[in-house]
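If you want the building blocks of each chain, they are given just below.
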Amino acid sequence: MLRFFQNDKYCVKTFVTKKQTFKKMKPTIFFTADHHFGHENIIKFSERPFESLEQMNEELIKRWNERISEDDTVYHLGDISLGKPDFTKEILDRLNGNIHLIKGNHEGAALTYPKRFASIRDYHELKIDEPENSNGKQKIILFHYAMRTWNGSHRGVWQLYGHSHGTLPDDEMALSFDVGVDCHNFYPISYEEVKELMKKKKWTPPFAPRN
C-alpha cells in the first residue's frame, strides 16, 4: 500500500482520494503539474512513496484516469516526463482528457509529440465562467513557476504553479498555490477544488474600504 506523503507546512491540502467522484453535468477543468514520468531519481528527491519507477509511472497514470475523462480539460503546468520521446508518447497516449501544456523546464520529450496537446504555451491567462464573481468570470494565471505578484493579483486573480514539488512555503495571504502532484496525493485537482482552497486564503483586496 502506498503511504500518503504531503508536507503540511508547504502544501495546501486537498486530501484527494480515488473515492472522490464527480456528478458531472458537463466536462470538468483540472490542473496538475510535475509528474516526472520516467524519472527514477524524483522518487528520492521528492520522497515519493513508490518502490520503483515502474510503480510510480503506473500509479500516476491510474490516478490521472480515475479523475479525468476523455471529455475533460487538463491544464498541465509543466514537467510531464523526463523519459525518452517514444516512452513519453506512450504515456501521453494513455492519459485521458484534452491536455493544454504550460511548458516547464523538463519538456524536451513532450514537445516531440505536439499533436497530443490542445495547446502549448509558456504562460497563459485563463478565464473561467464563475457565477459567484460580480463580473461572471474567474481569471487564473498559469505558469510553471511561482510568482510573488502577477497581472491582476490585487484584483482577485489567482495564480497556479508547479516546479517546487511542495517545497515552497505556501503564502496564505496570496491567491496562489502549487498544483503539482506531490501536493495533492498524486492526483490532478479540479477547478471546484481550487476554488474551495482559494476561499480558505486570508487574502483581502488591498484597496478595499477599511472600517
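Residues numbered from 1 in each chain as written. Predicted model: local features only at pLDDT ≥ 70, side-chain atom pairs only at ≥ 80, totals over all residues. Heavy atoms only, no water.

**Student:** Please explain the packing of helix α2 (residues 53-67) against helix α3 (residues 85-94) as it appears in this structure.
**Tutor:** Between two packed helices, both the angle of their axes relative to each other and the distance between the axes serve to describe the pair. As a packed pair, α2 and α3 sit with axes 10 Å apart at the nearest point and diverge in direction by 30 degrees. Taken as axis vectors, α2 and α3 run roughly parallel relative to one another. Crossing of α2 over α3 shows right-handed handedness. Between α2 and α3, the contacting residues are Asn-57, Glu-58, Ile-61 and Asn-65 on the first element and Phe-87, Ile-91 and Arg-94 on the second. The class makeup of the residues in the contact of α2 with α3 is 3 nonpolar, 2 polar and 2 charged. (Axes fitted to C-alpha atoms, helices over the stretch in contact; angles between N-to-C directions. Helix = DSSP H or I, 4+ residues; strand = E, 2+ residues; numbered from the N terminus. Parallel < 35°, antiparallel > 145°, perpendicular 65-115°, else oblique. Left-handed = near helix turned anticlockwise from the far one by under 90°. Contact = heavy atoms within 4.5 Å. Nonpolar A, V, L, I, M, F, W, Y, C, P; charged D, E, K, R; others polar.)

**Student:** What exactly am I supposed to notice about the nonpolar core here?
**Tutor:** Nonpolar side chains tend to gather and get buried jointly when the protein is soluble and globular. Counting residues in each nonpolar core, the largest one holds 23 residues, and the members touching the most others are Phe-37, Met-56, Leu-95 and Phe-117. Contributing elements (two or more residues each) for this core: α1 (41-45), α2, α3 and β3 (98-102). The element contributing the most residues to this core is α2, with 5 residues. The contact partners of Phe-37, leaving out residues within four places of it in the chain, are Asn-57, Leu-60, Ile-61, Ile-80, Ser-81, Leu-82, Gly-83, Phe-87, Ile-91 and Leu-95. (Core = buried A, V, L, I, M, F, W, Y, C linked by side-chain atoms within 4.5 Å. Buried < 20%, exposed > 50% of the residue type's maximum accessible area, 1.4 Å probe, protein only.)

**Student:** Looking at this model, I keep getting lost on the confidence of the model for the protein chain. Mind explaining?
**Tutor:** Caution applies to low-pLDDT parts of the model: their predicted coordinates are not meant to be read in detail. Per-residue confidence for the protein chain averages 90 on the pLDDT scale, and 87% of its residues sit at or above 70. When the criterion is pLDDT under 50, residues 1-9 qualifies, and its contacts beyond four places in sequence or with other chains add up to 22 contacts. (pLDDT = per-residue confidence, 0-100.)

**Student:** Any chance you could explain the pattern of salt bridges here in plain terms?
**Tutor:** Should their charged atoms come close, side chains of opposite charge can pair. Taken as a whole, this structure holds 15 salt bridges when the rule is applied. Of the charged contacts, one joins Glu-132 and Lys-195 as a salt bridge, the two residues approaching to 3.4 Å between their closest N and O atoms. Here Glu-132 is found in the loop between β5 (123-129) and β6 (137-143), whereas its partner Lys-195 is found in helix α4 (residues 191-199), with 63 residues between them in sequence. Under the relative-accessibility criterion, Glu-132 is labelled exposed at 53%. When salt bridges with common partners are traced through the structure, they connect Glu-130, Glu-132, Glu-192, Lys-195, Glu-196 and Lys-199 into a single cluster. (Salt bridge = Lys/Arg side-chain N within 4 Å of Asp/Glu carboxyl O.)

**Student:** In this structure, what is going on with the side chain of Glu-107? I would like to understand it.
**Tutor:** As for its placement among the helices and strands, Glu-107 is situated in the loop between β3 and β4 (117-121). Buried and unpaired, Glu-107 has Lys-103 as its nearest opposite-charge partner, separated by 8.6 Å. Within the structure, Glu-107 has its side chain in polar contact with the backbone nitrogen of Ile-80 (distance 3.0 Å). At a separation of 2.6 Å, a polar atom in the side chain of Glu-107 contacts the main-chain amide nitrogen of Gly-104. Dropping the residues within four chain positions of it, Glu-107 is found in contact with Gly-78, Asp-79, Ile-80, Ser-81, Leu-101 and Ile-102. (Lys, Arg positive; Asp, Glu negative; His and termini not counted. Polar contact = N/O pair within 3.5 Å; in protein donor to acceptor, adjacent residues only side chain to side chain.)

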